[in-house]
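So the chains spell out like this:
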Amino acid sequence: MLPLDVLDVAAALSASEQARLAEATAWLQERIRPASVGPWQRDEFPRDLIAELGERGYGNLRQSGSELFIGLLHAQIARADLSLSAFVGIHNELVVGMIEALGSPEQRDRLIPGLSRFTTLGAFALTEPEHGSDIAGGLATTARRDGDTWVISGAKRWIGAGTVADVVLVWARDEADGVIKAFIVEADRPGFTATRIEHKVGLRIMQNADLAFDDVRVPEANRLPGAHGFAAANRLLCDSRAWVGWQAVGAQLAAVDIARSHALDRRQFGRPLGAFQLVQASLAEMFGNLTLSLGMMTQIARTQAEGRLTMPQAALAKSTITRLTRESLSLGRNLLGGNGILSDHEMAKIFADVEVLHTYEGTYEINTLIVGRAATGISAFA
Ligand SMILES: Cc1cc2nc3c(=O)[nH]c(=O)nc-3n(C[C@H](O)[C@H](O)[C@H](O)COP(=O)(O)OP(=O)(O)OC[C@H]3O[C@@H](n4cnc5c(N)ncnc54)[C@H](O)[C@@H]3O)c2cc1C
């Protein structure tokens with residue numbers, strides 16, 4: 001039978017990385033995949049699963065192997081469950097990654113050990129109620145220096161893990177010089193509140209929140225010294241967009257797997273669904289989208305390993321692969337018939353989750369405009 005990795009991109013991994021990926025894939029499929037369905041349906045944050053992921057080192061995967069290995073591992077986490085993948089990925093790329101890239105040695109010593117084991121949970125707070133796509137220019141949360149402390153005021157929206165995080169990395173504009181800076185805000189600081197956003201139809205396990213900062217005071221020691229201007233955030237977003245590409249690959253791995261099994265198990269007109277040409281056409285398109293996506297991400301991993309990944313490359317990968325993923329999930333959902341609208345059968349769960357992938361980390365349109373600007377030299381944002 002055709003393997004999911006049709007062109008065998010994993011063959012480029014070392015023998016030990018291949019063995020580690022196989023072991024992780026088996027555990028994620030056996031433990032995380034079935035255990036995530038209930039919490040997804042109930043909109044619950046499964047602390048037991050987070051603890052198990054932490055024990056296995058998923059809180060800090062950044063040094064765990066080659067770029068391709070880390071990418072394929074993120075794809076396998078996403079294949080098992082997209083919400084937990086979002087939690088793990090944002091934590092790695094935008095929380096641990098941000099402290100490592102922009103924090104002080106003292107901040108790294110203070111936070112990275114706990115974050116790496118998920119005994120400390122973090123959140124990345126950039127988006128605001130009035131500024132989503134235009135956050136770079138519009139960011140309205142303020143920071144005012146007062147002696148050795150900073151006073152943070154404003155609001156953030158959509159913040160992943162916002163209600164469970166012990167520390168929130170908040171981007172705010174310095175009132176004195178107008179420059180965007182970032183601060184560590186512990187969840188027990190007076191004036192900080194987090195309110196869960198209810199009734200999400202995608203990534204339901206990931207607890208997104210509205211955050212309010214009502215004159216929250218933090219010491220100067222909580223300012224990330226490397227976070228100076230939006231360019232610093234953009235460098236993080238470049239890598240995290242590439243990670244969303246891997247997430248979308250994982251969604252397609254799951255969809256192709258489920259669609260093929262269903263096509264072989266379910267019989268209509270006296271034959272398995274997979275015996276009909278129109279059903280095979282859907283499966284062939286899904287395999288094609290997955291293979292294109294995996295091939296593109298393999299090359300993105302190579303540019304990352306060489307330290308050459310650019311924002312237009314990351315934006316092109318994120319927008320193209322999420323578009324193909326949406327297409328495949330639509331085919332896969334259709335192929336399951338009525339069962340395709342039941343989250344118990346997983347396809348509907350993934351179908352809903354990939355809508356978020358299309359929107360977060362820069363919407364499809366914003367990433368398209370980044371590519372368009374690079375292609376023409378003309379900015380069409382505003
Ligand atoms: C589940 C989820 C998790 C998230 N997690 C986080 C997180 O952890 N931290 C964080 O900081 N943020 C997070 N976000 C926020 C996310 O990054 C934003 O939702 C995203 O940037 C879009 O902003 P918006 O929702 O305000 O949409 P808007 O900016 O209001 O956009 C609405 C629509 O208009 C389109 N649009 C906007 N401007 C243009 C233009 N110039 N040309 C063409 N079309 C345009 C957009 O593409 C979109 O289709 C999350 C969002 C979701 C849904």
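Note that this is a predicted model, so its numbers are computed, not measured.

A look at the UniProt feature "domain: Acyl-CoA oxidase/dehydrogenase middle" (unreviewed entry) in the protein
Okay, so step 1: The UniProt entry lists residues 123-216 under the feature "domain: Acyl-CoA oxidase/dehydrogenase middle" (unreviewed entry), expressed in the numbering used here.
Okay, so step 2: As a span, residues 123-216 carries 4% helix and 52% strand, and end to end its C-alpha atoms are 17 Å apart.

Details of the UniProt feature "domain: Acyl-CoA dehydrogenase/oxidase N-terminal" (unreviewed entry) in the protein
Okay, so step 1: Mapped onto the present numbering, the UniProt feature "domain: Acyl-CoA dehydrogenase/oxidase N-terminal" (unreviewed entry) falls at residues 17-116.
Okay, so step 2: Here residues 17-116 runs as 82% helix and 0% strand, with 20 Å between its end C-alpha atoms.

Focus: the layout of surface pockets
Okay, so step 1: Computed from the structure, the largest pocket encloses a volume of approximately 1,100 Å³.
Okay, so step 2: Lining the largest pocket are 38 residues; nearest its centre among them are Thr-127, Thr-359, Tyr-360, Glu-361 and Gly-362.
Okay, so step 3: Of all the elements in the fold, those that place two or more residues in the lining of the largest pocket are helix H4 (82-102), helix H6 (135-138), strand S3 (149-160), helix H7 (230-265), helix H10 (347-359) and helix H11 (364-376).
Okay, so step 4: Its residues placed into classes, the lining of the largest pocket shows 21 nonpolar, ten polar and seven charged.
Okay, so step 5: Roughly 320 Å³ of internal volume is contained in the second largest pocket.
Okay, so step 6: What lines the second largest pocket is a set of 16 residues, and nearest its centre among them are Arg-62, Glu-67, Glu-93, Asp-239 and Gln-304.
Okay, so step 7: Listing elements by their share of the lining of the second largest pocket, those giving two or more residues are helix H3 (67-80) and H7.
Okay, so step 8: For the lining of the second largest pocket, a count of residues per class yields six nonpolar, five polar and five charged.
Okay, so step 9: Each of domain 1 (9-117) and domain 3 (231-376) accounts for three or more of the residues forming the lining of the second largest pocket.

Overview of the packing of H4 against H7
Okay, so step 1: One way to put it is that H4 packs onto H7 with a least axis distance of 10 Å and a crossing angle of 155°. Judged by the inter-axis angle, H4 sits roughly antiparallel to H7. Helix-helix and strand crossings are classified by hand; for H4 and H7 the assignment is right-handed. Contact with H4, carried on its side by Leu-82, Ser-85, Ala-86, Gly-89, Ile-90, Glu-93, Leu-94, Gly-97, Met-98, Ala-101 and Leu-102, involves Ala-232, Arg-235, Leu-236, Leu-237, Asp-239, Ser-240, Trp-243, Gln-247 and Ala-251 of H7 and no other residues of that element.
Okay, so step 2: Class assignment for the residues of the contact of H4 with H7 results in twelve nonpolar, five polar and three charged.

The rules behind each value
Residues numbered from 1 in each chain as written. Predicted model: local features only at pLDDT ≥ 70, side-chain atom pairs only at ≥ 80, totals over all residues. Heavy atoms only, no water. UniProt positions renumbered as here; feature names shortened; annotations may be inferred. Helix = DSSP H or I, 4+ residues; strand = E, 2+ residues; numbered from the N terminus. 1 Å grid on protein atoms, 1.4 Å probe; cavity = no way out; pocket = protein on both sides within 12 Å on 5 of 7 lines; lining within 4 Å. Points joined across faces, edges and corners; volume = space filled by probe spheres on them. Nonpolar A, V, L, I, M, F, W, Y, C, P; charged D, E, K, R; others polar. Domains from an automatic or database assignment. Axes fitted to C-alpha atoms, helices over the stretch in contact; angles between N-to-C directions. Parallel < 35°, antiparallel > 145°, perpendicular 65-115°, else oblique. Left-handed = near helix turned anticlockwise from the far one by under 90°. Contact = heavy atoms within 4.5 Å.

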